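Each chain, written out:
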Amino acid sequence: MSEADASIVGDLLTDTPLAEAEAELPQDWEFAERILKRLKPRNQQHVYDMAAKDSKNGGMLITLMVVVWWLFIGGNNDTLENGVSVFFSLNFEEAALAVMVLSLFSALLTEFSRDMGKILPSTAAGGMLILAGLYVAEPFVGALFVGSFDLDVQTGLWRSARLGLLWGGTTYGSNLIVNALLLKWLIRFLDSNEYDFSSRNEPQHRPMVREVDD
């Protein structure tokens, strides 16, 4: 094929309806499509409802975890000198705060990297998740197998249970808050670009053919 023929073919491909459709798509539409495919809202009103629900539930859950820390860890009569973590020498109260912070940032980085297609934030989130898990398991495992940990098994189990509650609650609440932030961005995108996706969720009705008796 000569250069002239290749140029003609390239011009024809550029003028096809598919190329014109791709050129008319709004900016950031791929990011919006990834959010739509993951969260699966039915229509634009459902996007508003999901954003309000996730932001409310996420805020309530994070607040509840702070209350749990305040009542059952921060104001508790734990002997903080016993069971000091081997990871950065944190006592139980400090380890509980570290679990909450690590869970929060791990969930934020995981959710954003999933939709934005970034590898580095997800890698950092994995490291934070492992460290938080070590803090959660350490009191019980240390009480079982480490004699110098100065904790009995019952106390170690009770500490790990409280840390596990903070870990799970903060992670889930953070996921809800991230979803609400993504939905808020999606709302602005839909409003500014008049991007309609509701037709894809409409059921496809097959035409009914009436049988005529001979």
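Preceding block: the structure.
Note that the coordinates shown come from a computational prediction; the quantities given were computed from them, not determined experimentally.

Asks: Help me out: how do you make sense of the packing of helix H4 (residues 44–74) against helix H7 (residues 153–193) in this one?
Replies: Helices that pack against each other are described as a pair by the angle of their axes relative to one another and the distance between those axes. Here H4 crosses H7 at 155°, and the two axes come no closer than 7 Å. Taken together, H4 and H7 sit at an angle that is classed as roughly antiparallel. As H4 packs across H7, the resulting crossing turns out to be left-handed. Among the residues making up the contact of H4 with H7, the classes are represented as 21 nonpolar, ten polar and three charged.

Asks: Looking at this model, I keep getting lost on a nonpolar patch on the surface. Mind explaining?
Replies: A cluster of nonpolar side chains, namely Leu64, Val67, Trp70, Leu71, Phe72 and Trp158, defines an oily patch on the protein surface of about 650 Å² accessible area. Top element by residues in the nonpolar patch is H4. It accounts for five residues. Considering the arrangement of structural elements, one finds phenylalanine 72 in helix H4.

Asks: Looking at this structure, I do not really get the environment of glutamine 154. What am I missing?
Replies: Tracing the backbone through its elements, the reader meets glutamine 154 in helix H7. Residue glutamine 154 is classed as exposed on the basis of its relative accessible area of 67%. Along the sequence, glutamine 154 and phenylalanine 140 sit 14 residues apart, while their C-alpha atoms lie 8.2 Å from each other.

Asks: Help me out: how do you make sense of the packing of aromatic side chains in this one?
Replies: The relation between two aromatic rings is expressed through the spacing of the ring centres and the mutual angle of the planes. Inspection of the entire model under this criterion finds four aromatic pairs. Between tryptophan 69 and tryptophan 70, the aromatic rings sit 6.3 Å apart at their centres with planes inclined by 55°, giving tilted as the arrangement. Judged by relative accessible area, which is 13%, tryptophan 69 ranks as buried. Where phenylalanine 87 meets tyrosine 135, the ring centres are 6.0 Å apart and the plane angle is 85°; that geometry is what we call edge-to-face. With phenylalanine 87 in the loop between H4 and helix H5 (92–116) and tyrosine 135 in helix H6 (residues 120–145), this residue pair connects regions lying 48 residues apart in the sequence. Following the ring pairs from residue to residue traces out a cluster consisting of Phe31, Trp185 and Phe189.

Reading guide: rules and limits
- Residues numbered from 1 in each chain as written.
- Predicted model: local features only at pLDDT ≥ 70, side-chain atom pairs only at ≥ 80, totals over all residues.
- Heavy atoms only, no water.
- Axes fitted to C-alpha atoms, helices over the stretch in contact; angles between N-to-C directions.
- Helix = DSSP H or I, 4+ residues; strand = E, 2+ residues; numbered from the N terminus.
- Parallel < 35°, antiparallel > 145°, perpendicular 65-115°, else oblique.
- Left-handed = near helix turned anticlockwise from the far one by under 90°.
- Nonpolar A, V, L, I, M, F, W, Y, C, P; charged D, E, K, R; others polar.
- Patch = residues over 30% accessible without salt bridge, like charges linked within 9 Å, V, L, I, M, F, W, Y side chains within 5 Å.
- Areas by Shrake-Rupley, 256 points an atom, 1.4 Å probe, with all protein chains shown as cover.
- Salt bridge = Lys/Arg side-chain N within 4 Å of Asp/Glu carboxyl O.
- Buried < 20%, exposed > 50% of the residue type's maximum accessible area, 1.4 Å probe, protein only.
- Phe/Tyr/Trp six-rings, centres within 6.5 Å; stacked < 30°, edge-to-face > 60°.

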